[in-house]
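Below are the chains, spelled out letter by letter.
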Amino acid sequence: MAMPRRFVSLMYHNVVRDDDAGARADAAGLGRSITSYFVGATAFAQQLDAIAATADVLSYANLRPFFDKATDAPAARPLVQLTFDDGWRGTVDVAGPLLAERGLQAMLFVTTGLIGAPRFLAAAELSQLPRETFHLGSHTVTHRFLNELPDAEIRDELRQSRHELEDIAGYEVDTLSIPNGACDQRVVKIAAECGYRYVFRSDVHANSPRTGPLNIGRAAIRATTRLETVARYLQGDLRRERLRSTLLSLPKRTLGPHRYRQLRQLLLGQVRTEHEMCDLVRSAVQAAPPAMSHGVYPRGTSHPTAFGPATRLSQ
Ligand SMILES: [Zn+2]
């Protein structure tokens, strides 16, 4: 039976070892709101087996033909895409072999301010990743809310991370994952101006040539996501998730971003994650030697950031 021509993109963050000691070490010092996105190795392997059995994985190389309407033939099997955000070490160390064994490719969106930080991948490791297993994309420099930044700072985040990742990868980086799902038309326009062809967001929808390459929706996979739920995603059924995001989107316009975030925190506990990610970048920048520090956060200077007005970063 021919399937409609669309794909579901799955959003992972990290895959961690299953054993108790390993799991404790992986989670040590991190809040529950971050570790709730850490999927265990066995659960991840089961999800990959379900994917390999029932779906085809859309690789980076096939993104362009997919969105090219000239080849609008229906696919024989559901299409799915695998993505990882942030650049956690377990993405490569734990998930990498499981992907490679099955010949599957994932997008790996790296927050460049976290490169080489504890728990995160180093530049030398990123530069050696087999291309058939991981394709690198940007997840900005500092993981801030792009839709709350002025245009010039958005450009800095997008250009600087892109250039750094191109130096590491040795190929053109034209894919971007928006941190915290903090996206709007202004952010997308600037991303396109900065050379990004594919923008991955946190809106939940199946992707088609009609929804387009600058509005790629994704379904988040959490530690508690059941195999049946992943199987439902593979069939393109995102109705429950879409309903929830529709309900959450209603007050955004009326409350404004700050009160909206408070509401989300009440409903989802999600805002904690976002602030914890920003905190990790800040401590990585503080710990980095001067040569590694980033222009966006020059050492020893005050800088207005999402962490609060004029946060001193090198104290
Ligand atoms: Zn992220």
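Values in this document were obtained by computation on a predicted structure and should not be read as measured data. (Residues numbered from 1 in each chain as written. Predicted model: local features only at pLDDT ≥ 70, side-chain atom pairs only at ≥ 80, totals over all residues.)

### Notes on the pairing of strand β7 (residues 134-138)
Condition: Buried, partly exposed and exposed are defined by the number of other C-beta atoms within 10 Å of a residue's own C-beta, namely 20 or more, between the two limits, and 12 or fewer respectively, with C-beta atoms placed from the backbone. Each helix is a run of H or I in the DSSP string that is no shorter than four residues. Each strand is a run of E no shorter than two, and both are numbered from the N terminus.
Of all five residues in β7, five are buried; the element is thus mostly enclosed. A two-sided burial pattern is seen for β7, the buried positions comprising Phe-134, Leu-136 and Ser-138 on one face and His-135 and Gly-137 on the other.

### Considering the packing of helix α7 (residues 151-169) against helix α8 (residues 185-193)
Quick reminder of the rule: Axis definition: a line fitted to C-alpha atoms, over the contacting stretch in the case of helices. Angles run 0 to 180 degrees between N-to-C directions. Between 65 and 115 degrees an angle is taken as roughly perpendicular, under 35 as roughly parallel, over 145 as roughly antiparallel, and anywhere else as oblique. By definition, turning the near helix anticlockwise from the far helix through less than a right angle yields a left-handed crossing, and turning it clockwise yields a right-handed one. By definition, residue pairs are in contact when their C-beta atoms, positioned from the backbone, come within 7 Å.
It is at 10 Å that the axes of α7 and α8 come closest, and there the two elements cross at 50 degrees. Of the possible angle classes, the one that applies to α7 and α8 is oblique. The way α7 lies across α8 gives a crossing that is right-handed. Contacts from Asp-151, Ile-154, Arg-155 and Leu-158 of α7 reach α8 at Val-187, Ile-190 and Ala-191.

### Things to note about the confidence of the model for the protein chain
Regions with low pLDDT carry predicted coordinates that are not meant to be interpreted in detail. Stated formally: Per-residue confidence from the predictor is reported as pLDDT, which spans 0 to 100.
This prediction gives the protein chain a mean pLDDT of 85; 83% of its residues lie at or above 70. This model gives residues 290-315 a pLDDT under 50, and the stretch forms 42 contacts once residues within four places in sequence are excluded.

### Thoughts on unusual backbone geometry
Comment: phi is negative for the bulk of residues other than glycine, and the bulk of peptide bonds are trans. Residue Thr-140 is not a glycine yet carries a positive backbone phi of 70 degrees. The class of Thr-140 is buried, set by 28 C-beta atoms lying within 10 Å. The phi angle at His-143 is positive, at roughly 65 degrees, despite the residue not being glycine.

### Looking at the environment of Phe-66
Relative to the elements of secondary structure, Phe-66 occurs in helix α4 (residues 63-67). Each C-alpha atom of the pair Phe-66 and Phe-7 lies 9.2 Å from the other, and the pair is 59 residues apart in sequence. In this view, Phe-66 contacts Phe-7 and Leu-58; residues no more than four positions away in its chain are not counted.

### So, the packing of helix α3 (residues 41-54) against helix α5 (residues 89-101)
Running from N to C, α3 and α5 cross one another at 25 degrees; their axes reach a closest spacing of 10 Å. By the angle class used here, α3 and α5 are roughly parallel. In the crossing of α3 with α5, the sense of the turn from one axis to the other is right-handed. Across the interface between the two elements, Ala-41, Phe-44, Ala-45 and Leu-48 from α3 touch Val-94, Ala-95, Leu-98 and Leu-99 from α5.

### Thoughts on the pairing of strand β1 (residues 7-12)
Consecutive side chains along a regular strand alternate between the two faces of the sheet. For clarity, the threshold we go by: By this definition, two strands are paired if DSSP reports at least two bridges between them.
For β1, the tally of buried residues reaches six of six residues, placing the bulk of the element in the interior. Of the two faces of β1, the one holding Phe-7, Ser-9 and Met-11 and the one holding Val-8, Leu-10 and Tyr-12 are both buried throughout. With six bridges connecting them, β1 and strand β5 (residues 79-86) associate as parallel partners. Note that in β5 the partner of Ser-9 across the bridge is Gln-81. Summarising the sheet, β1 and strand β10 (residues 218-220) pair through three bridges and their orientation is parallel. The partner of Ser-9 across the bridge, within β10, is Arg-218.

### Focus on the nonpolar core
Just so we agree on the cut-off: The nonpolar core is taken to be a set of buried Ala, Val, Leu, Ile, Met, Phe, Trp, Tyr and Cys residues joined by way of C-beta atoms within 7 Å.
Judged by nonpolar contacts, the single largest core of 72 residues is most densely connected at Val-8, Leu-10, Tyr-12, Val-80, Leu-108, Ile-178 and Val-199. Here this core takes six residues from helix α11 (residues 270-287), the largest share from any one element. If we skip the residues at most four places from it in the chain, Val-199 touches Leu-176, Ile-178, Val-188, Ala-191, Leu-214, Asn-215 and Ile-216.

### Topic: α8
Heads up, the condition is: An arc is given here, and it is the one of the directions from the helix axis to the C-beta atoms.
For α8, the complete set of buried residues consists of Val-187, Val-188 and Ala-191. All buried residues of α8 fall inside an arc of 100 degrees around its axis, so they share one side. On the buried face of α8, the contacting elements are α7, β8 (175-177) and β9 (198-200). Taken from the residues just after α8, Gly-195 is the one with a positive phi, measuring 100 degrees.

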